[in-house]
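The primary structure of each chain is shown beneath.
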Amino acid sequence: MSYYERHIFFCLNQRDGEACCADRGAEAGFSRCKSRAKSAGLIGPGKLRVNRAGCLDRCAGGPVAVVYPEGVWYTFVDEDDIDEIVDSHLMHGRVVERLLLPPDVGH
């Protein structure tokens, strides 16, 4: 068994003069996710880890987050999107289809 059941990584990369997740609200999404997951009792060994990440190389779809071990990539706009990811995927294992990052969106 893995130390954590799931990880969610948020790209918080800042690029000079180029579009990036940091310029599109990634930090707010990370903070909201961590706060919601913590208040729901989801964080800790055997549960969930909410991580900051550098560039995940999917800038065109930013802001982005990825959930492992499933390898599910999300894009998000606001707190409601983050709440839905926490409530559906991180809490109950149900992928939020409407927030999936299309597989062909890259750098």
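Refer to the structure above for everything that follows.
The structure presented is a predicted model; accordingly, all values stated were derived computationally and were not measured.

This brings us to helix α2 (residues 79-92). For α2, which comprises 14 residues, the first-to-last C-alpha distance of 18 Å matches the rise-based estimate of 20 Å (1.5 Å per residue) to within 8%. Along its length, α2 shows its largest kink, about 30 degrees, at V86. By the burial criterion, the buried members of α2 are D81, I82, D83, I85, V86, S88, H89 and L90. Residues of α2 that are buried sit in contact with β1 (6-11), α1 (26-39), β2 (48-53), β3 (64-68) and β4 (72-75). The backbone nitrogen of D80 has a side-chain oxygen 3.1 Å away, supplied by the residue at the start of α2, namely D78.

Another aspect to go through is the pattern of salt bridges. Tallied over the full model, the rule gives 10 salt bridges. A salt bridge links D83 to R36; its shortest N-O distance comes to 2.8 Å. You can see D83 sitting in helix α2 and its partner R36 sitting in helix α1, a full 47 residues away along the chain. Each member of the pair D83 and R36 is classed as buried. One continuous salt-bridge network, built from bridges that share partners, spans R32, R36, E79, D83 and D87.

Now for the side chain of H89. Note on placement: H89 falls in helix α2. The buried category is assigned to H89, whose relative accessible area is 0%. In terms of polar contacts, H89 uses its side chain to reach the side chain of E70, at 3.2 Å. Leaving out residues up to four positions away in the same chain, H89 has contacts with R6, V67, E70, V72, Y74, E84, R94 and V95.

Before going further, it helps to spend a moment on the pairing of β4. Within a regular strand, side chains alternate between the sheet's two faces. Inspection of the sheet shows β3 paired to β4 by four bridges, in the antiparallel sense. Bridging across to β4, V66 finds its partner in W73. Between β3 and the antiparallel strand that follows it, β4, lie three residues; G71 among them carries a positive phi value of about 70 degrees.

Turning to the nonpolar core, a few remarks are in order. Counting residues in hydrophobic clusters, the biggest one holds 28 residues, and the most contacted among them are I8, F10, C33, V50 and L90. Counting residues per element, the ones that place at least two in this core are β1, α1, β2, β3, β4 and α2. With residues near it in sequence (within four places) discarded, C33 still touches I8, F10, V50, I82, V86 and L90.

Cut-offs and rules
- Residues numbered from 1 in each chain as written.
- Predicted model: local features only at pLDDT ≥ 70, side-chain atom pairs only at ≥ 80, totals over all residues.
- Heavy atoms only, no water.
- Helix = DSSP H or I, 4+ residues; strand = E, 2+ residues; numbered from the N terminus.
- Expected span 1.5 Å × (residues − 1).
- Bend = angle between axes of the 7 residues up to and from the residue.
- Buried < 20%, exposed > 50% of the residue type's maximum accessible area, 1.4 Å probe, protein only.
- Contact = heavy atoms within 4.5 Å.
- Polar contact = N/O pair within 3.5 Å; in protein donor to acceptor, adjacent residues only side chain to side chain.
- Salt bridge = Lys/Arg side-chain N within 4 Å of Asp/Glu carboxyl O.
- Pairing = 2+ DSSP bridges.
- Core = buried A, V, L, I, M, F, W, Y, C linked by side-chain atoms within 4.5 Å.

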